[in-house]
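# Breakdown of the fold
One letter stands for each residue in the lines below.
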Amino acid sequence: MPRKAQTESVSDLNAAPGGAAAVDRALSLLSSFQAGDEALSLAQFAERTQLYKSTVLRLLASLEHARLIRRQEDGRYALGMEIARLHGLYAASLSLDRIVPPVLRELVAVTGESAAYHVRQAQGDHWARLCLYRVDSPHVVRDHVRAGDLLPNDRGSGARILIAFGPEAERPRGAKERKLYDAIRAQGYCAMVGDRSAELGGISAPVFHADGQLAAALTLTMPAHRYDERHIGPVREAARGLTGRV
């Protein structure tokens, strides 16, 4: 049986009610970094967390696998690239919280349908479509996607926009697909019924950063029987209103 530590660890003293002890311990390693620390040794982790070195090593292996920690040539451990990626998302969300939801609410008020803001989310060597923001339609009958959900990256009007205006190298090379995405770029929006689901229709338009790079797809979704091409104008107008502000 594992030995019981004579001194309670930092994670034991600050355990999350109903949480997982292993996660608390791993997070205590990340919290060990202080201002001015470029990297920490195994001994420093053990001292700061009051965990056995053997336990620290196992936790560091998991954190390194998740790219939250990286092992240096000198044997010490520094924060990994995943920390920088998450920080970038967090910093961006702080400003987006004030900008995007009001536009989505206005679009829902005008159209009566659900509005969402979709971005590309890196997933290893591929990407997923992340619903970053969502405002639901007041109708009882609607789709039930929530902010934080990952959606198909190859179906649905939002996905089509992220492909059409995303990196050219990642676009499908078949003649039929090329024709589709050329048409989407030429008209500046995508309106489809039954692409992601036979019961759903979607209208999406691209939102760009100030430098012209694609930021997101602004998407309006509705049941197929309520699909209305008159919503294309409001969707494009909302997307233009966000362009350069995100």
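Residues numbered from 1 in each chain as written. Predicted model: local features only at pLDDT ≥ 70, side-chain atom pairs only at ≥ 80, totals over all residues. Heavy atoms only, no water.

## Comments concerning the overall build of the protein
Applicable threshold: To qualify as a helix, a DSSP run of H or I must reach at least 4 residues; to qualify as a strand, a run of E must reach at least 2; elements of each kind are numbered from the N terminus. As a reference, a globule follows 2.2 Å times the number of residues to the power 0.38, and the radius of gyration itself is taken over C-alpha atoms. Only protein chains enter the accessibility calculation, which uses a 1.4 Å probe; a residue is then buried when its area is under 20% of its type maximum, exposed when over 50%, and partly exposed in between. Contact criterion: two residues are considered in contact whenever any of their non-hydrogen atoms come within 4.5 Å of each other.
Looking only at helices and strands, one finds 8 helices and 8 strands in the protein. Its C-alpha radius of gyration of 23 Å places the protein more than 25% over the 18 Å reference for a compact globule of 246 residues. For the protein, the C-alpha atoms occupy an extent of roughly 70 × 40 × 35 Å along the three principal directions. Out of the 246 residues belonging to the protein, those deemed buried represent 41%. A fraction of 53% describes how many contacts in the protein between residues 6 or more apart in sequence connect residues 24 or more apart.

## Examining the confidence of the model for the protein
Going by this rule: The pLDDT score gives, residue by residue, the confidence of the prediction method on a 0 to 100 scale.
Across the protein, pLDDT averages 91, with 97% of residues at or above 70. Below a pLDDT of 50 lies the segment residues 1–5, which in the model reaches 3 contacts outside its immediate sequence neighbourhood of four places, other chains included.

## Observations regarding unusual backbone geometry
Despite not being glycine, Gln50 has its phi angle at roughly 60 degrees, a positive value. Within the fold, Gln50 resides in the loop between α3 (42–49) and α4 (53–65). One non-glycine residue with positive phi stands out, namely Arg67, at about 65 degrees. Within the secondary structure layout, Arg67 lies in the loop between α4 and β1 (69–71). Its relative accessible area of 49% is what places Arg67 among the partly exposed residues.

## Things to note about the side chain of Ser137
Defined as follows: The definition of a polar contact used here is a pair of N or O atoms within 3.5 Å, where within protein one atom must be able to donate a hydrogen and the other to accept one, and adjacent residues in sequence count solely through side-chain atom pairs.
With respect to the helices and strands, Ser137 occurs in the loop between β4 (126–135) and β5 (150–151). A distance of 3.0 Å separates a polar side-chain atom of Ser137 from the backbone nitrogen of His139. What Ser137 contacts, discounting residues up to four positions off in sequence, is Val108, Gly112, Glu113, Ser114, Arg142 and Arg226.

## Examining the pattern of salt bridges
Basically, it comes down to this: By salt bridge we mean one thing: a side-chain nitrogen of Lys or Arg within 4 Å of a carboxyl oxygen of Asp or Glu.
Taken as a whole and judged by the stated rule, the model has 14 salt bridges. With a closest N to O distance of 2.7 Å, Asp37 and Arg48 form a salt bridge. Placement of Asp37 in the loop between α2 (21–30) and α3 and of Arg48 in helix α3 is noted, with a sequence separation of 11 residues between them. On the basis of relative accessible area, Asp37 is assigned to the partly exposed category, the value being 26%. Since its relative accessible area comes to 28%, Arg48 is described here as partly exposed.

## Re the environment of Ile69
Counting through the fold element by element, Ile69 comes out in strand β1. Not counting residues up to four positions away in its chain, the partners in contact with Ile69 are Leu30, Phe33, Leu60, Leu63, Glu64, Tyr77, Ala78, Leu79 and Gly80.

## Here we look at the sheet that holds strand β8 (residues 214–223)
The condition is simple: The rule for pairing is simple: two strands pair if DSSP sees at least two bridges between them. Between N-to-C directions, angles cover 0 to 180 degrees, with each direction set by a line fitted to C-alpha atoms, over the stretch in contact for helices.
Ordered in space as β5-β4-β3-β8-β7-β6, the 6 strands form an open sheet in which the pairing is antiparallel. If you trace the sheet from one side to the other, it starts and ends with β5 and β6 (190–193), each paired once. With 2 bridges joining them, β4 and β5 adopt antiparallel strand pairing. Within the sheet, the bridge partner assigned to Leu130 lies in β5 and is Leu150. Helix α6 (residues 157–164) rests against β3 (114–123), β4, β6, β7 (200–208) and β8 of the sheet, and its axis sits at about 160 degrees to β8.

## With respect to the nonpolar core
Keep this limit in mind: Working definition of a nonpolar core: buried Ala, Val, Leu, Ile, Met, Phe, Trp, Tyr and Cys residues. They are joined through side-chain atoms within 4.5 Å.
Counting residues in hydrophobic clusters, the biggest one holds 27 residues, and the most contacted among them are Val100, Leu104, Leu107, Tyr117, Val207, Leu218 and Leu242. Listing elements by their share of this core, those giving two or more residues are α5 (81–111), β3, β4, β7, β8 and α8 (232–242). Top element by residues in this core is α5. It accounts for 7 residues. If you look at the next biggest cluster of nonpolar residues, it comprises 15 residues, including Leu30, Phe33, Phe45 and Leu63.

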